[in-house]
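Chain by chain, the residues run as shown.
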Amino acid sequence: MRVIIKPDYENVSVWAAQYIANRINKFAPTSDHPFVLGLPTGSTPLGVYRELIKMYQQNKVSFANVITFNMDEYVGLPADHPQSYHYFMFENFFNHIDIKKENIHILNGMAKDIEKECADYEKSILACGGIELFLGGIGEDGHIAFNEPFSSLSSRTRIKTLTSDTIKVNSRFFNNDITQVPTTAMTVGVGTIMDAREVMILANGNKKAKAVYQGIEGAISHKWTITALQNHKHGIIVCDDAAASLLAPETIKYFKDIER
């Protein structure tokens, strides 16, 4: 595992965005050989999206031959709902870059057959040759995507019941009214994420410190789904000093030393 520790959220965002842009540019995608990118929602990746938009505007990266797959979507929210992840992604990223609409994949929260929607999503990923780089965030309880604690580490795209803690945290997007937050969501599985050729997880702030500690120093456990990253050949955690605050001093010293 590679661990990048930066002073603050801004530096985390800049490093991650530059890494993604460099990976795309090095890959040199074409219409016949696209770069497949997995993407998250939530507040954590907003800084990365802002930086990638800036880099696109400066002609430093193009998304014309990039295919995206988002991690999750609420069940029961239409694409035009202000709190749907469809809406979030277009408002905060897709509307500001040169990505082709047909290259954007987001689970349909209004699908009549949820199980089929999830199965078809997995098939679409495989049809594109798999995901080259999956970007993600991490919950305070160590969950990635909507793979809550005790999710199978080999899980695939499916419907998940959200925990009370996740609903409470996400209520900030619903006028702090937990009754407005959907109780179920469709999400890629831990296994789906780990199938990507590279996985990069972002974390910032003291609230994420315990999850980062478990992800790096803890034992692999379905209680902390982030720990699955320890078994990935090309896993990266990019965090700020606050999120790294519970790591042992020698751990911090090691990872900062090899990235000097």
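Residues numbered from 1 in each chain as written. Predicted model: local features only at pLDDT ≥ 70, side-chain atom pairs only at ≥ 80, totals over all residues. Heavy atoms only, no water.

Caption draft 1: Spotlight on the sheet that holds strand 4 (residues 72-74). One open sheet holds the three strands; their spatial order is 4-8-7, and the pairing between them is antiparallel. Two strands close off the open sheet at either side, each with one partner strand: strand 4 and strand 7 (158-161). With direction set aside, neighbouring strand axes in the sheet form an average angle of 30°. For strand 7 and strand 8 (residues 184-187), the ladder comprises four bridges, and the chain directions are antiparallel. From the neighbouring strand, Ile159 faces strand 8, where its bridge partner is Met186. (Pairing = 2+ DSSP bridges. Helix = DSSP H or I, 4+ residues; strand = E, 2+ residues; numbered from the N terminus. Axes fitted to C-alpha atoms, helices over the stretch in contact; angles between N-to-C directions.)

Caption draft 2: Geometry of the sheet that holds strand 3 (residues 66-70). As summarised here, the arrangement of the seven strands in space is 1-10-9-6-2-3-5, forming an open sheet in which the pairing is parallel. In this open sheet, the two edge strands, each paired with only one partner strand, are strand 1 (2-6) and strand 5 (104-105). The sheet contact formed by strand 2 (residues 35-39) and strand 6 (residues 133-136) spans two bridges and is parallel. Each residue of the ladder has a partner; that of Leu37, found in strand 6, is Leu133.

Caption draft 3: Region of interest: the environment of Gly191. Take Gly191: it is sitting in helix 6 (residues 190-194). Considering only alpha carbons, one finds Gly191 and Ala228, 37 residues apart in sequence, at a separation of 8.8 Å. Ignoring any residue separated from it by four or fewer positions in sequence, one finds Gly191 in contact with Leu153, Ser154, Ser155 and Arg156. (Contact = heavy atoms within 4.5 Å.)

Caption draft 4: Up close: the pattern of salt bridges. Scanning all chains against the criterion turns up 10 salt bridges. In this structure, Glu259 engages Arg2 in a salt bridge whose closest nitrogen and oxygen atoms are separated by 2.7 Å. With Glu259 in the segment after helix 8 (249-258) and Arg2 in strand 1, this residue pair connects regions lying 257 residues apart in the sequence. Since its relative accessible area comes to 31%, Glu259 is described here as partly exposed. Three or more residues are tied together by salt bridges with common partners; here these are Arg23, Glu132, Arg197 and Glu198. (Salt bridge = Lys/Arg side-chain N within 4 Å of Asp/Glu carboxyl O. Buried < 20%, exposed > 50% of the residue type's maximum accessible area, 1.4 Å probe, protein only.)

Caption draft 5: Structural view of the environment of Asn59. On the secondary structure map, Asn59 appears in the loop between helix 2 (46-57) and strand 3. With 92 residues separating them along the chain, Asn59 and Ser151 place their C-alpha atoms 41 Å apart.

Limitation: the analysis is restricted to geometry and does not speak to function.
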